[in-house]
Amino acid sequence: MDMGHMHDNATAVKASCPMIMVFHGGHCERILWRNWVASTYVEFVFSCLAFVVMGFLYEALKFVRQQLVKRAASKEAERINLELQSKQRYESTTSTIGHGSQQALADIRATPKKYIQHVMTTTHVITTLLFFIQVALSYLLMLVFMNYNYWLCLSVVIGLGLGYFFFGWSQHDAYDNDCCH
């Protein structure tokens, strides 16, 4: 291989990092993109730290999405409760007989939002954008894992584990998770 066109040894080392498709160790890796080559220990350690942070951010995004949905549901329940209370006060002042709180609640629920009103809420738009970011991040983490380098795989797992440790407490239902994205 003619290296006459390369001017420094670092470029030659970066060009020689192989893609090994079995589990292996070592620090010379091409990661995600052609230009992301960790050819020294320092570059490799910083790359591993970046993947720990990415795994942590993945779990943080899941947590933020869940909290936004819970907050929106809580606000909707509060709105319905306030409407129910105001209808009950109105009915008690007009003294209509035969209309109870069940009828008032049925009236509130009988005015459904249209599909587009549900889709275009601020909460739904924000959670959708966060979902896009989360899915992209999950696929990048999967591709890093598919480098089959022990240390990169361990970095991804540590990041996801730390993220779950800090944010996983919010999942009360064991079946209500999105483990794959």
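Residues numbered from 1 in each chain as written. Predicted model: local features only at pLDDT ≥ 70, side-chain atom pairs only at ≥ 80, totals over all residues. Heavy atoms only, no water.

An unreviewed UniProt entry lists the protein chain under the name Copper transport protein, with Ceratitis capitata given as the organism. Under the UniProt heading Sequence similarities (unreviewed entry), the note attached to the protein chain is "Belongs to the copper transporter (Ctr) (TC 1.A.56) family. SLC31A subfamily." The UniProt entry for the protein chain carries this comment under Subcellular location (unreviewed entry): "Membrane". (UniProt positions renumbered as here; feature names shortened; annotations may be inferred.)

1. Side note on the UniProt feature "transmembrane region" (unreviewed entry) in the protein chain
Per the UniProt record, "transmembrane region" (unreviewed entry) is annotated on residues 41-61, 119-142 and 148-167. Annotation note: span residues 41-61, helix share 100%, strand share 0%, distance between end C-alpha atoms 30 Å. Here residues 148-167 is 90% helix and 0% strand, with 27 Å between the C-alpha atoms at its ends. (Helix = DSSP H or I, 4+ residues; strand = E, 2+ residues; numbered from the N terminus.)

2. A look at helix α6 (residues 150-167)
For α6, which comprises 18 residues, the first-to-last C-alpha distance of 25 Å matches the rise-based estimate of 26 Å (1.5 Å per residue) to within 8%. At the N-terminal end of α6, a side-chain oxygen is found 2.8 Å from the backbone nitrogen of W151, two or three residues along, and the residue is N149. (Expected span 1.5 Å × (residues − 1). Polar contact = N/O pair within 3.5 Å; in protein donor to acceptor, adjacent residues only side chain to side chain.)

3. Digging into the side chain of H24
Along the chain, H24 falls in the loop between α1 (9-15) and β1 (29-30). Within the structure, H24 has its side chain in polar contact with the backbone oxygen of V22 (distance 2.7 Å). In this structure, H24 is in contact with E29, N147, Y148, N149 and Y150, ignoring residues within four places of it in sequence. (Contact = heavy atoms within 4.5 Å.)

4. Concerning the state of the cysteines
A full pass over the atoms with the stated rule returns one disulfide. Residue C17 pairs covalently with C28 via a disulfide, S to S 1.6 Å. Its S-S torsion of approximately -80° makes the covalent link between C17 and C28 left-handed. With a gap of 11 residues between them, C17 in the loop between α1 and β1 and C28 in the loop between α1 and β1 connect regions that are remote in the sequence. Note on C17: relative accessible area 3%, which makes it buried. Looking at the unpaired C48, the closest cysteine sulfur is the one in C153, lying at 9.8 Å. (Disulfide = S-S within 2.5 Å. Buried < 20%, exposed > 50% of the residue type's maximum accessible area, 1.4 Å probe, protein only.)

5. Re the nonpolar core
One recurring pattern in soluble globular proteins: nonpolar side chains tend to sit buried together. Core analysis: the largest hydrophobic core is formed by 15 residues, its most contacted members being I31, F51, V144 and L152. Looking at this core, the elements that each hand over two or more residues are α2 (41-94), α5 (122-145) and α6. Residues in contact with L152, not counting those within four places in the same chain, are E29, I31, F44, C48, F51, V144 and N147. (Core = buried A, V, L, I, M, F, W, Y, C linked by side-chain atoms within 4.5 Å.)

6. Structural notes on empty space enclosed by the protein
A water-sized probe, rolled over the atoms, reveals where empty space remains. The tally for this structure, following the rule as stated, stands at one cavity of 30 Å³ or more. Taken as a whole, the largest cavity encloses approximately 40 Å³ of empty space. Along its surface, the largest cavity is lined by E59, K62, F63, Q66, F167, G168, S170 and Q171. Taken together, the residues of the lining of the largest cavity break down into two nonpolar, four polar and two charged. (1 Å grid on protein atoms, 1.4 Å probe; cavity = no way out; pocket = protein on both sides within 12 Å on 5 of 7 lines; lining within 4 Å. Points joined across faces, edges and corners; volume = space filled by probe spheres on them. Nonpolar A, V, L, I, M, F, W, Y, C, P; charged D, E, K, R; others polar.)

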